[in-house]
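Remarks on the overall topology
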Amino acid sequence: MKELIIKFRLLVKYLGKEALYWLLLGSVASFGLSLLEVSISVLMQVLFYKISLLHDIFLPGPMNFLLTWPLGLLCILFGVVGALRAALTLITSQSGNFFSTIINTRLRLMSVYDLLMVYRTKVLPSSEINLRFAEIFPKASNFVASTTNSLIALVQSICIFIAMALIGWREALVGLVGVVLIGSMLSLLKKGILSYSKKVLYEQENINRSIQRITQNWINIKILRTQNEEYCSLVDRLLLSFSHTSRSGLLIKSGAILPGFLGIVLLAFIVYTSNVYFKTTGPTLLAFLYLFLRFVQSLTTTADSYFSALTNFPYFQRAFRIFINSNQADMAIALNPTKAMRVLGNYHPGIWNSDFKTQDDLKRMEKSPDIRIDNIGFRWLADDPYVFENFSLSIPHNSIYGIIGPSGRGKSTLLLLILGILIPEKGSIFISQIPAENYLKDFSADVGYVGPDPFLVAGTIRENLLYGQTNLSLDDNDLTQTLKSVQLDYLITRLDYVVTENAEGLSSGQKQRLSLARTLLRKPKFLILDEASANLDHVTEAHIANLLLDLKKECTIIVVTHREAMIKHADGVLDLNKSLA
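As a starting point, this report considers the structure included with it. All figures in this text were calculated on a predicted structure; none of them were measured in a lab.

About the criteria used
- Residues numbered from 1 in each chain as written.
- Predicted model: local features only at pLDDT ≥ 70, side-chain atom pairs only at ≥ 80, totals over all residues.
- Heavy atoms only, no water.
- Helix = DSSP H or I, 4+ residues; strand = E, 2+ residues; numbered from the N terminus.
- Rg over C-alpha atoms; globule rule 2.2 N^0.38 Å.
- Buried < 20%, exposed > 50% of the residue type's maximum accessible area, 1.4 Å probe, protein only.
- Contact = heavy atoms within 4.5 Å.
- Areas by Shrake-Rupley, 256 points an atom, 1.4 Å probe, with all protein chains shown as cover.
- Lys, Arg positive; Asp, Glu negative; His and termini not counted.
- Charge placed at Lys NZ, Arg CZ, Asp CG, Glu CD.
- Salt bridge = Lys/Arg side-chain N within 4 Å of Asp/Glu carboxyl O.
- Expected span 1.5 Å × (residues − 1).
- Bend = angle between axes of the 7 residues up to and from the residue.
- Axes fitted to C-alpha atoms, helices over the stretch in contact; angles between N-to-C directions.
- Parallel < 35°, antiparallel > 145°, perpendicular 65-115°, else oblique.
- Left-handed = near helix turned anticlockwise from the far one by under 90°.
- Nonpolar A, V, L, I, M, F, W, Y, C, P; charged D, E, K, R; others polar.
- Phe/Tyr/Trp six-rings, centres within 6.5 Å; stacked < 30°, edge-to-face > 60°.
- Pairing = 2+ DSSP bridges.
- Core = buried A, V, L, I, M, F, W, Y, C linked by side-chain atoms within 4.5 Å.

Along the backbone of the protein chain there are 17 helices and 11 strands. For 581 residues, the compact-globule estimate of 2.2 N^0.38 gives 25 Å, and the protein chain exceeds it by more than 25% at 34 Å. Overall, the C-alpha framework of the protein chain stretches about 110 × 50 × 50 Å when taken along its three principal axes. Scored against the burial criterion, the 581 residues of the protein chain give a buried share of 44%. A separation threshold of at least 6 residues defines the contact pool for the protein chain, and within that pool the share at least 24 residues apart is 78%. When the accessible surface of the protein chain is totalled, it reaches about 30,700 Å², and 61% of it is carbon and sulfur. The distance from the centre of the 55 positive side-chain charges to the centre of the 46 negative ones in the protein chain is 9 Å.

Okay, structure coming up:
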């Protein structure tokens, strides 16, 4: 019971106050709408009586005063009730859509914060991110919208049924028995819809993974001549997804149509029994039948929304699991921008992020840091062997320190530990007497990093060089001098040259040097080069190695490399193949 209460509270937090507000508003509007339906049935009788289409009338006692009103006033009242009905119908139909949009936005905000603002060792694969944004979150939101619409329609159905029972309890009882039979038939479709919906999600995950693998490795696929295999596999996934989706859709539509069809059959049966056995008067039966038609319509909407919710339920489960497995403190910050969400009204960009804007004034250290690693132990999982055990290392400030070793020996892991992105299981790591996990947070302006894969953005050479710079006074002269230092002289006069995000038109070496130039513009006190010379020729590599010799006067440099030329001026070298043997 306690666990159920906890999950319910998490669900309420997951949905949010804004969404719950629209759910409540839709339910209240639905109740009001059912009262208007009763009013319309009464007014129809009065109007028909006034124009002599009915010679007898059935009215609740308090409404007999309507018989004294002139026809014109009754017609105006009928129009007003129709306008109110239209307004409440709009609210009930849109409350689910607003609910859905709010949930979708909240889920996206959570994932965006998790992706960019939460330190972690591995980012989500792009296939998972794409699946979340394109499939899981929208369909989880559709589940919420469909569930909301189903609940609202159910409230309306119950209210109309109560009115039906007050007008003709025997006919209402017959109708209730018929509805129970219809519900029993519809329940048979539930299992099939859920089964196919889970299969669709499973195939969509496989499709996304296949597309990511193909786009990232298409050259290898061509060379290895596995394109036929990949093509056949992907086509099979697409056709399986089509098969499951189409069958699920058929069951959903069957479930949505069935109440309407059986409702008409039930209507005919009620008319027969009412005339033959119950001897109900014409006006009473007219009022009852109008409400019964609305009742069937509400039941059809309930069934349609319910089965639509079923097909999206696996996506809602996945999205909710993502939520409850996330750090709740992080999620509270991630959902802070929802305060700026307005369903009715314009949004002005930036009105929510004042707290983030105040973080631009980053700290700088007066001198380059030293690094001290004391008897650390680290492993990825509790049952895994230690990557580092009782490992110690000291790197003095204003030094070049090389780290070498074959792939898989822990070079990247050691860098993540030094940067505080990974936390050792035991032992400690300090950068200038500051715990490593706090250094990047407090002194990120002092850190420069160039990895094996150049990071460039779509834009001009100038925009790439200025991306992420903390020194806002940089001018074109600063940019050109830095380009010269990394032997990109030919770009000096091409600062406005536009490159794509993949930097087409630049060679691999030029991309890497451009990334290095941007890093040098930061004037880092702590520089990490992680296989940063992988795409450089020997002449350029030698030039960069000499450049590091000059940089170390103001900077502590760690170089991870397989190439000895980059560490020819190193003050110390750690060979992980020997140190961890």
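Once the structure has been displayed, the description carries forward.
For the structure shown, the criterion picks out 10 salt bridges. The salt bridge involving D476 is made with R462; its shortest N-O contact spans 3.0 Å. With a gap of 14 residues between them, D476 in helix α14 (residues 476–485) and R462 in helix α13 (residues 461–466) connect regions that are remote in the sequence. By relative accessible area, D476 is classed as partly exposed at 36%. Between D550 and K553 there is a salt bridge, with the nearest N and O atoms lying 3.2 Å from each other.

Turn by turn, an α-helix covers 3.6 residues, leaving residues three or four places apart pointing in a common direction. Over its 46 residues, helix α3 (residues 71–116) extends 67 Å from the first C-alpha to the last, a length consistent with the 68 Å expected when each residue adds 1.5 Å. Remark: the principal bend of α3, roughly 30°, maps to Q94.

Two measures define how a pair of helices packs: the angle their axes make with one another and the distance between the axes. Remark: helix α7 (residues 227–278) packs on helix α8 (residues 282–324), axes separated minimally by 9 Å, with the N-to-C direction vectors making an angle of 165°. One element, α7, and the other, α8, form an angle in the roughly antiparallel class. For the pair α7 and α8, the crossing hand works out as right-handed. Looking at side-chain class alone, the contact of α7 with α8 contains 15 nonpolar, nine polar and one charged residues.

Another aspect to go through is the packing of aromatic side chains. All told, the structure shown has 13 aromatic pairs when counted by the stated rule. With a centroid separation of 6.2 Å and 40° between ring planes, the pair formed by F292 and F295 is classed as tilted. Of this pair, F292 and F295 both sit in helix α8, three residues apart, which is roughly one turn of the helix. In terms of burial, F292 and F295 fall into one category: buried. Note on Y439 and F526: the rings are 6.4 Å apart at their centroids and 70° apart in plane angle, and the pair reads as edge-to-face. With Y439 in helix α12 (residues 436–443) and F526 in strand β9 (residues 526–530), the pair connects residues that are 87 residues apart, well separated along the chain. One exposure class covers both Y439 and F526, and it is buried.

Read from one edge to the other, the open sheet built from five strands follows the order β6-β9-β10-β3-β11, with strand pairing classed as parallel. Each of the sheet's edge strands pairs with one partner strand only, and the pair in question is β6 (447–450) and β11 (572–575). Mean inter-strand twist for the sheet, computed between neighbouring axes without regard to direction, equals 15°. Where strand β3 (residues 400–404) and β11 come together, four bridges link them in parallel fashion. Looking across to β11, one finds that I403 is bridged to L574. Along the sheet, helix α15 (residues 508–521) makes contact with β6 and β9, crossing β6 at roughly 180°.

Most of helix α11 (residues 411–418) sits out of view: six of its eight residues are buried. Every buried residue belonging to α11 is among K411, T413, L414, L415, L417 and I418, and all of these are buried. Positioned one or two residues after α11, G420 has a phi angle of 80°, which is positive.

Now for the pairing of strand β4 (residues 426–431). Relative to β4, strand β1 (residues 371–378) runs antiparallel, the two being bridged by five bridges. Across the sheet, D374 pairs through a bridge with S428, a residue of β4. Taken together, the two bridges between β4 and strand β5 (residues 434–435) define a ladder with antiparallel strand orientation. Each bridged residue has a counterpart across the sheet, and for I431 the counterpart in β5 is I434. What sits between β4 and β5 in their antiparallel hairpin is a turn of two residues, with S432 showing a positive phi close to 50°.

It is worth spelling out the sheet that holds strand β2 (residues 388–395) at this point. Pairing within the open sheet is antiparallel, and its four strands lie in the order β2-β1-β4-β5. This sheet does not close on itself; its edge strands, each paired only once, are β2 and β5. Along the sheet face, α11 touches β1, β2 and β4 and points at about 120° away from the line of β1.

For the rest of this paragraph, the subject is the side chain of R518. By the secondary structure assignment, R518 is in helix α15. Using a relative accessible area of 9% as the deciding quantity, one classes R518 as buried. Leave out the neighbours within four places in its chain, and R518 touches F455, L456, N464, L465, Y467 and Q469.

Here we come to the nonpolar core. Residues M164, F288, L291, F292 and F295 are the most contacted members of the largest nonpolar core, which totals 33 residues. Going through the elements one at a time, α2 (17–50), α3, α4 (126–167), α5 (169–216), α7 and α8 are the ones with two or more residues in this core. Considering each element in turn, this core owes the most residues, 10 residues, to α8. In contact with M164, not counting residues within four places along its chain, are W169, A172, F288, L291, F292 and F295.

Taken by themselves, the reported measurements are silent on function.
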